[in-house]
Amino acid sequence: MSISSYPFDGQAVSEGQYSYLFRELSSHSGIADSVGGTGFNVYGDSSGMQVKVNAGFAVVRGHAVQSTATETVTIAAASAAQRYDRVVLRLDPTANSITLAVVQGSSGGSVPALTQTDTGVYELPLAVVTVPVGAATISAGNVVSERRFLGNTVGGWTTTTRPESPRVGRLGLNTSTNSWEFWDGTQWKDLAPTINWATIEGRPGSFAPTAHTHLWADITDKPLTFPSSPHGHDWDDITGKPTTFAPSTHSHAWSTITSKPATFPPSSHDHSQFVTSSETIAWANGTKRVHNDSVSGSGTYYAVWVQGDGTFARNTSSIKFKENVRDYEVNVDAVLSLNPRIYDRKDVFSDKGDLREGQKDEVGLIAEEVAALGLTWMVNYLDGEIDGLRYDLLGVALIPVVQRQAQQISALEGRLAALEAAQS
């Protein structure tokens, strides 16, 4: 192993030695200008298949290059598919020069790679030029700058133009985020990150509150009135009580009634409003018993509605029964807020007067909650009060939900395909 030192008087110093020395002084290759300055800025002006490059001074792997006037660089004719070219400052030690050059991409391909060797050709990127199919000129919108700027102790850059392969501790101002950052050997990290609860490590998952009080004025959503808790009064303490008591409207459980008859003859009635001869409902055009309680086989069957007056009606959807047809915008967010519930039905008295236990663990929706979401078109009303739900319209409500999800899936697939293409 030999040790060399330079430069000294009367000593020959090689190009490679000077290059190595200046690389250490300037930290890396780049444009000698403020971040975002005009030095060696590449732009298109729609003057033809060419771009312009501003004057500037740069250091490329320890070698200096200076341009004192705006240069014109030719871009090759458009390809059969969109192409990406790169404008670079190319250091060629063999030719003893640094020149403006274009690294032409392939038709339909991605941005071409740079040549960056330690002793041979080294290319410093200036801009990426998009060449659309059939392009005859290069406009300003077709050029994206990727210049990197010089810095000694500290530097300045954007997120996309950070120094490549920096040393641990490299420090600079990122003008994209307006924050100081440093290289920790693996990634760029914020020198003075903003601390919030989400970024604190080792924080507890929950906090048990200590005993405390709240002023009444500080409590939100408090009720306006308060029903009294269950309590009693002595009979002697009640004033203005009547001497006799007519019973108010009330009921008795069937099991508590004594001397009730064992059977109940039905009162005189008929079903002529609903049933015609031969056990056939005229409007339904079919038998009452559907082929031994099965819907298989021949015949015509309908979904049945019961109208408010107790009559039956079939559910029709043909356009021949409709007019004034128009689009209806379903509130997708309201549909997504529907909350399935499980509940027990209340006990009720049957037509025979016996108390029947309500269905347990029944699953469904609560009509008042559906109405509160603004989906009143799914709610049935009886005597001016909410009574039930049109569950048959739930499928209609779900159509725009599925359509929006299909659009979101399609958009995500498109973005994923574009990302995979960009990474290929």
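Calculation rules
- Residues numbered from 1 in each chain as written.
- Predicted model: local features only at pLDDT ≥ 70, side-chain atom pairs only at ≥ 80, totals over all residues.
- Heavy atoms only, no water.
- Helix = DSSP H or I, 4+ residues; strand = E, 2+ residues; numbered from the N terminus.
- Polar contact = N/O pair within 3.5 Å; in protein donor to acceptor, adjacent residues only side chain to side chain.
- Contact = heavy atoms within 4.5 Å.
- Pairing = 2+ DSSP bridges.
- Buried < 20%, exposed > 50% of the residue type's maximum accessible area, 1.4 Å probe, protein only.
- 1 Å grid on protein atoms, 1.4 Å probe; cavity = no way out; pocket = protein on both sides within 12 Å on 5 of 7 lines; lining within 4 Å.
- Points joined across faces, edges and corners; volume = space filled by probe spheres on them.
- Nonpolar A, V, L, I, M, F, W, Y, C, P; charged D, E, K, R; others polar.
- Core = buried A, V, L, I, M, F, W, Y, C linked by side-chain atoms within 4.5 Å.
- Phe/Tyr/Trp six-rings, centres within 6.5 Å; stacked < 30°, edge-to-face > 60°.
- Lys NZ or Arg CZ within 6 Å of the ring centre and 35° of its normal.
- Axes fitted to C-alpha atoms, helices over the stretch in contact; angles between N-to-C directions.
- Salt bridge = Lys/Arg side-chain N within 4 Å of Asp/Glu carboxyl O.
- pLDDT = per-residue confidence, 0-100.

This part takes up the side chain of Ser 79. With respect to the element layout, Ser 79 can be found in the loop between strand 6 (71-74) and strand 7 (83-92). In this structure the side chain of Ser 79 is engaged in a polar contact, spanning 2.8 Å, whose partner is the side chain of Arg 83. Leaving out residues up to four positions away in the same chain, Ser 79 has contacts with Ser 107 and Val 133.

So, on to the sheet that holds strand 6. Reading across from one edge, 2-3-6 is the order of the three strands in this open sheet, with antiparallel pairing throughout. Each edge of the open sheet is held by one strand with a lone partner, namely strand 2 (42-43) and strand 6. Pairing between strand 2 and strand 3 (residues 50-53): two bridges, direction antiparallel. Looking at the pairing, Tyr 43 lines up with Lys 52 of strand 3.

What follows deals with the side chain of Asn 142. Its location among the elements puts Asn 142 in the loop between strand 9 (122-131) and strand 10 (143-145). Judged by its relative accessible area of 14%, Asn 142 falls in the buried class. Side-chain polar atoms of Asn 142 contact the side chain of Ser 139, separated by 2.9 Å. Each residue touching Asn 142, except ones within four places of it in the same chain, is listed here: Val 128, Val 129, Thr 130, Pro 132 and Thr 137.

If you add up the space inside the second largest pocket, you get close to 450 Å³. Along the walls of the second largest pocket sit Trp 305, Asn 315, Thr 316, Ser 317, Lys 322, Glu 323, Asn 324, Val 325, Arg 326, Asp 327, Tyr 328 and Arg 390, which together make up its complete lining. By residue class, the composition of the lining of the second largest pocket is three nonpolar, four polar and five charged.

Generally speaking, soluble globular proteins have nonpolar side chains that are buried together. Counting residues in hydrophobic clusters, the biggest one holds 24 residues, and the most contacted among them are Ile 31, Phe 40, Val 42, Val 51, Val 60 and Leu 89. Elements represented by at least two residues in this core include exactly strand 3, strand 4 (56-60), strand 7 and strand 9. If one sorts the elements of this core by residue count, strand 9 sits on top with six residues. Residues within four places of Leu 89 in sequence aside, it is in contact with Ile 31, Phe 40, Ala 58, Val 60, Val 65, Ile 98, Thr 99, Leu 100, Tyr 122, Glu 123, Leu 124 and Leu 126.

Turning our attention to the packing of aromatic side chains. In the structure shown here, the tally under the stated rule is six aromatic pairs. Chaining the aromatic ring pairs together yields one cluster made of Trp 157, Trp 183 and Trp 188. The positively charged end of Lys 222 is found above the aromatic ring belonging to Trp 216, 5.3 Å away from the centroid.

Reading across the sheet, the four strands line up as 8-7-9-10 and stay open at both edges, with antiparallel pairing between neighbours. On the outer flanks of this sheet lie strand 8 (97-103) and strand 10, each paired with one strand and no other. For this sheet, the mean inter-axis angle between neighbouring strands, taken without regard to orientation, is 20 degrees.

Here the focus is unusual backbone geometry. Here the phi dihedral of Phe 40 falls at roughly 50 degrees; this positive angle occurs in a residue that is not glycine. Positionally, Phe 40 belongs in the loop between strand 1 (30-31) and strand 2. Phe 40 gets classed as buried once you look at its relative accessible area, which sits at 2%. At Ser 259, a position not held by glycine, the phi torsion is positive, near 60 degrees. Classification of Ser 259 as exposed rests on a relative accessible area of 77%.

Let us look at the environment of Arg 61. Turning to its location among the elements, Arg 61 is positioned in the loop between strand 4 and strand 5 (63-67). Each C-alpha atom, one on Arg 61 and one on His 28, is 7.0 Å from the other, the two residues being 33 residues apart in sequence. A distance of 2.7 Å separates a polar side-chain atom of Arg 61 from the backbone oxygen of Thr 117. There is a polar contact of 2.7 Å between the side chain of Arg 61 and the backbone oxygen of Gly 120.

Turning next to the pattern of salt bridges. According to the stated counting rule, one finds 11 salt bridges in the structure shown. In this structure, the salt-bridge partner of Lys 52 is Asp 45, at a minimum N-O distance of 3.0 Å. In this structure Lys 52 comes out as buried when scored by relative accessible area, which is 16%. Here Asp 45 falls in the partly exposed class, since its relative accessible area comes to 34%. One salt bridge connects Arg 356 with Asp 354, and the closest N-O pair in it is separated by 3.8 Å. Of the residues examined, Arg 356 reaches a relative accessible area of 47% and is grouped as partly exposed.

Attention shifts here to the confidence of the model for the protein. Of the residues in the protein, 88% have a pLDDT of 70 or more, and the chain-wide mean is 83. Long-range and interchain partners of residues 275-294, a stretch whose pLDDT sits below 50, account for 23 contacts in this model, where long-range means more than four residues apart.

With seven of its 10 residues buried, strand 7 lies for the most part within the structure. Of the strand pairs in this sheet, strand 7 and strand 9 are connected by nine bridges, and their pairing is antiparallel. Looking at strand 9, one finds that Asp 85 is bridged to Val 129. Bridge count for strand 7 against strand 8 is seven bridges, and the pairing is antiparallel. Its bridge partner lying in strand 8, Arg 90 is registered against Thr 99. In sequence, strand 7 turns back onto strand 8 through a hairpin of four residues, with Asn 96 there showing a positive phi of about 55 degrees.

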